[in-house]
Amino acid sequence: GQLGFLFPPPNHNTFRSQRLRHPFSILATHASQPSQSPKFSLSPTPDNPPEILQPLAALHPEFTFYKMGNVCTSADKNYSAAAANPKIEKKVKQKEAELKTLKGFAKVNNRSMEPRGVAESMVHFFEIVSQEHCDRRNVVRAGCLLRWMDICACLSAEKHGQLSSVTLSMDDLSFDIPAVLGDVLEISGRVNNAFNTSMEVGVQVLSTSQSGPRIHCRAYFTFVSLDHHGLKCKVPKVIPETEAERDNFILAKERRQLRFKKKEQLETMLSQIAEKGGDDSSVRGRALTENPEGGEGISSQMSVKPKVWTGNRKRLSIMLRENLNLGAVLPPAEESIVTRSMGESSLQMTKVVLPSDANHMGNTFGGNIMSWMDDAATVVATKHIRHPSMHAETHVATIAVDSMAFIGPSHTGDRLNFYAQINRAFGTTIEVGIRVEAQAIGGHVRHINSGYLTLMAVDMSGRPTSVPKIMPETDKQKEQFMKAVGRRQLRMERKKMTGENKNTNGLSWNWSEDMSSEISVANIYGLLKVANAWDLNWVKQDLPPEIASNNRFEIKMQVTKDTWGLGLATIRFSGIVSCKMSDMFKKIMDCDARGEWDVAVKDCKVWNKVDEHNDIIWMAYPPFGTEGKGKPKDFSLLRTWRLDEERYIVASRSVIHPALPVNEDHQRGEVFPSGFILTPWVMDDGMGDLRDNEYQEQTSFDYVVQLDKTGQEMAGFGNPNSPYIKVMAGSLQKLCVILSST
């Protein structure tokens, strides 16, 4: 019922003489009941020894004073001796005046805490890419994008919370399509969800060309709101209104859980690598044939010859945009034979925080710190690749940033030291680790941030080139050398699982307990993404003649071909049925009762209960489209369900589970994320009016199935009289009849 917060320096005039250093070490505990006044505890510091704090304890009972280790050598002085000293008495009065200004510092200022819509936090601003934002190749530096995105996220968070906000963390980020000189970038941000004192803000960077909008990158930031005393405050809740907003609202909760689990997952992955003796041959083997950050990657077969710069600046921009697209097919690079030590590939860089680098509270913008980290990574990577054996026109470009969490704040006037070191080289890419420390003049050194950036070496034509190998020397360097493999592997898996990777080779994913959170999030994400994608070319189709609607339920069917160019086809059944939403959810989830409404299923079992929101199920169906001939099909599926924002979501996708090997008696089928989305029925959804019947509760449902080319042939895609369509439509009809009659 009580929460403790450690607070940064209050921005108050009485403290400006102390260079904004904290006059006390303050731990405030908010009472669980609003009627209770907050309690405060103060500990000794070098500026405030016990002989000053003890008299204050007698004057202000609302403050609790305590000793904290051996902070001061005079900790045993008694109160009477301290009070008899005129100099101490004068200081006590000064501190007493300062305490009076702090008595209300835990109170939230008068502002509305009413929930707000996502649209109210929307922020747009534009940047015209000029020469100062670009490197020698006329490609926008990653540091500039990080700074712009952080500013946009901050504006959106402050618009929602109506208070000053600071960056707490940023999720993994990859730069998929480069922005070049002359592009007009639109940076937009909005608050996806709010969690007590923190908010997730989604930011997108896009530009518009003759071929349409291009999304350069997306990022998710976590912000906290602070009052004018620098205290964390509760923020208003978010009300999602549109389908897309509701989807992001749900996924924001999922991403929050992933942030908590990342450290544990990395440790697990490192232990697995250690069990193999630190062998990263699989990683090295893919280094020149696969993009380490997802996408199609660098193919070992040169199917497209990259365009070469002929001196025309405009043509260079076009060429870079095509060749630096990480999904492009580019020729392989020869492996470098040069090896450098980690000591050679490290540097220290110092920056001073100027007023222009901080907000009005004196806190450094997180985007500026990340931009400086990118500068340090670029410098150390450039030094690493500068070798007589390397091409003279080789450059480095940041292609990915691991998630960052800001450990502590920095303020105007602080000196920031950036310690950058190359941890490992993977063929054409480099991982750079950076530690950031802050120090006020005469103050202590504070560790405020650490991060890992991935950079790729490219020539002027955008062709990836090999980089010198790295050799660790000390035990600490060897530890970072091995951890780089785990971070890279985790980054690749996370990007694949969270739907960022558009490579659809292989519908089934290998099941892993360590990555179960990512797989379940990808399952939900894959279903929601296609179910609410109204930008797709959905075509209404007639149901089989024997499928009839009545006054208790109604069903419609839509199809779309070649979903987002991935070679997938999607069938969506939409309808309403007179029943409680919870009853329909229970019926769908009951594997034992599946045969009551699924007219084709032969068997359905829960094989493994993963957790309270996930399980592994096995389903068997007869062969379709072969007049009953051939082997029956079976499916090994991960089933994920959620209840959020008055919606039930049940998503299923194929997984390869060791407990469910391929059976010789069955043909193993595969599906992309498919399933049900249940919502309370809305009168104006165009599905018909059921208000005149005796049932007071209705449920609107969408049943979505994603099929690859093999599944399309099996389903007789586009033919409403195909056996597969008849089975699905007939099963839904039977489900509606059962639910509406109970």
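For every chain, the first residue of the written sequence is number 1, and numbering continues from 1 onward in sequence order. Reporting of local features is limited, given that this is a predicted model, to residues whose pLDDT is at least 70; pairs of side-chain atoms are given and counted only at 80 or more, and all residues count toward the totals for whole chains, interfaces and linings. Hydrogens and waters are ignored; side-chain quantities use all the structure's heavy atoms.

Draft legend 1. Just the overall build of the chain, in detail. On a plain count of helices and strands, the chain comes out with 14 helices and 31 strands. Burial analysis of the chain (742 residues in total) assigns 54% to the buried set. In this description, contact between two residues means that some pair of their heavy atoms is separated by no more than 4.5 Å. Long-range contacts, defined here as pairs at least 24 residues apart, represent 71% of the contacts in the chain between residues at least 6 apart. All accessible areas in this document rest on Shrake-Rupley with a 1.4 Å probe, and a residue is counted as covered only by the protein chains that are shown. For the chain, the accessible surface area stands at approximately 33,900 Å², while carbon and sulfur atoms represent 51% of it. Helix and strand definitions follow DSSP, with helices as H or I runs of at least four residues and strands as E runs of at least two, each counted in order from the N terminus. Burial status follows relative accessibility: with a 1.4 Å probe on protein chains alone, a residue under 20% of its type maximum counts as buried, one over 50% as exposed, and anything between as partly exposed.

Draft legend 2. A look at the confidence of the model for the chain. Each residue carries a pLDDT score, the predictor's own confidence in it, on a scale running from 0 to 100. When pLDDT is averaged across the chain, the result is 75; 67% of the residues are at 70 or more. Here strand β1 (residues 3-6) stands out as the least confident element of the chain, with mean pLDDT 33; strand β9 (residues 184-195) is the most confident, with 95. Of the regions scoring below 50 in pLDDT, residues 62-84 engages in 48 contacts with residues more than four places distant in sequence or in other chains. Every residue in residues 279-332 is under pLDDT 50, and counting partners more than four places away or in other chains gives 116 contacts.

Draft legend 3. Region of interest: the nonpolar core. With 69 residues, the main nonpolar core has Met149, Leu173, Phe221, Phe418, Val432 and Ile434 as its most contacted residues. Excluding anything up to four places from it in sequence, Val432 contacts Ala377, Val380, Ala420, Gln421, Ile422, Asn423, Gly451, Tyr452, Leu453 and Leu455. Residues belong to one nonpolar core when they are buried, are Ala, Val, Leu, Ile, Met, Phe, Trp, Tyr or Cys, and are joined through side-chain atoms within 4.5 Å. Grouped together as the second largest cluster of nonpolar side chains are 33 residues, Ile571, Val650, Val705 and Cys736 included.

Draft legend 4. Local environment of a nonpolar patch on the surface. Surface patches are drawn from residues lacking salt bridges whose relative accessible area is over 30%; two like charges belong together within 9 Å, two nonpolar side chains (Val, Leu, Ile, Met, Phe, Trp, Tyr) within 5 Å. Just to be clear on terms, a salt bridge is a Lys or Arg side-chain nitrogen sitting within 4 Å of an Asp or Glu carboxyl oxygen. A cluster of nonpolar side chains, Phe126, Ile128 and Val184, forms an exposed patch at the surface whose accessible area comes to about 320 Å². The topology assignment puts Ile128 in strand β6 (residues 123-128).

Draft legend 5. Unusual backbone geometry, seen in detail. Not every positive phi belongs to a glycine, and Asn138 is a case in point at roughly 65°. Along the polypeptide, Asn138 turns up in the loop between β6 and α4 (142-161).

Draft legend 6. Highlighting the pairing of strand β15 (residues 395-401). Burial runs high along β15: seven of the seven residues are buried. Bridging between strand β8 (residues 173-174) and β15 involves two bridges; their strand directions are antiparallel. When the bridges of β15 are listed, Ser174 appears paired with Ala400. Only strands joined by at least two bridges in the DSSP assignment are considered to pair. The sheet contact formed by β15 and strand β19 (residues 445-458) spans six bridges and is antiparallel. Paired with Val396 across the two strands is Ala457, which belongs to β19.

Draft legend 7. Structural view of the pattern of salt bridges. Per the counting criterion, the structure on display carries 18 salt bridges. Arg642 serves as the salt-bridge partner of Glu254, at 2.4 Å between the closest nitrogen and oxygen. Separated by 388 residues along the polypeptide, Glu254 in helix α5 (residues 243-275) and Arg642 in strand β27 (residues 633-644) bring together distant segments of the chain. The pair formed by Glu254 and Arg642 is uniform in burial state, with each residue classed as buried. A salt bridge links Lys587 to Glu596, with the nearest nitrogen and oxygen atoms 2.6 Å apart. For Glu596, a relative accessible area of 42% translates into the label partly exposed. Ionic contacts of the salt-bridge type, sharing partners, join the residues Asp171, Glu200, Arg255 and Arg259 into one network.

Draft legend 8. The arrangement of the pairing of strand β23 (residues 553-560) in detail. Both strand β22 (residues 539-541) and β23 contribute to a ladder of three bridges, which runs antiparallel. Residue Gln541 lies in a different strand from β23, and its bridge partner there is Met557.

Draft legend 9. Quick peek at the sheet that holds β9. The six strands are arranged β6-β9-β10-β11-β7-β16 in an open sheet whose pairing can be described as antiparallel. What marks the edges here is a single partner per strand, and that holds for β6 and β16 (404-405). Set on the sheet, α4 makes contact with β6, β7 (164-170), β9, β10 (198-209) and β11 (212-226); between it and β9 the angle comes to about 45°. Between N-to-C directions, angles cover 0 to 180 degrees, with each direction set by a line fitted to C-alpha atoms, over the stretch in contact for helices.

Draft legend 10. The arrangement of the side chain of Gln480 in detail. Tracing the backbone shows Gln480 in helix α9 (residues 475-497). Beyond its immediate chain neighbours, meaning those up to four positions away, Gln480 contacts Gln421, Asn423, Tyr452 and Arg487.

Draft legend 11. Up close: the state of the cysteines. The term disulfide is used for any two cysteine sulfur atoms that are within 2.5 Å. Counted under the stated rule, the structure contains zero disulfides. Unpaired in this structure, Cys579 has its nearest cysteine sulfur neighbour in Cys736, at a distance of 7.7 Å.

Draft legend 12. Highlighting the packing of aromatic side chains. Only Phe, Tyr and Trp rings take part, Trp by its six-membered ring, and two of them pair if their centres are within 6.5 Å. Stacked means planes under 30 degrees apart, edge-to-face means over 60, and tilted covers everything else. The final tally for this structure, using the stated rule, is eight aromatic pairs. Ring centres 6.2 Å apart and planes at 80° place the aromatic pair Trp372 and Phe418 in the edge-to-face group. Placement of Trp372 in helix α8 (residues 366-385) and of Phe418 in strand β17 (residues 415-426) is noted, with a sequence separation of 46 residues between them. The pair formed by Trp372 and Phe418 is uniform in burial state, with each residue classed as buried. Taken together, the aromatic side chains of Phe573, Trp597, Phe676 and Tyr703 make up a single cluster linked through ring pairs. In this scheme, Lys NZ or Arg CZ marks a charge over a ring once it lies within 6 Å of the ring centre and within 35 degrees of the ring normal. Lying over the aromatic face of Phe426, Arg488 brings its terminal NZ or CZ to 4.7 Å of the ring centre. Positioned above the aromatic ring of Phe672, the side-chain terminus of Arg653 is 5.3 Å from the ring centre.

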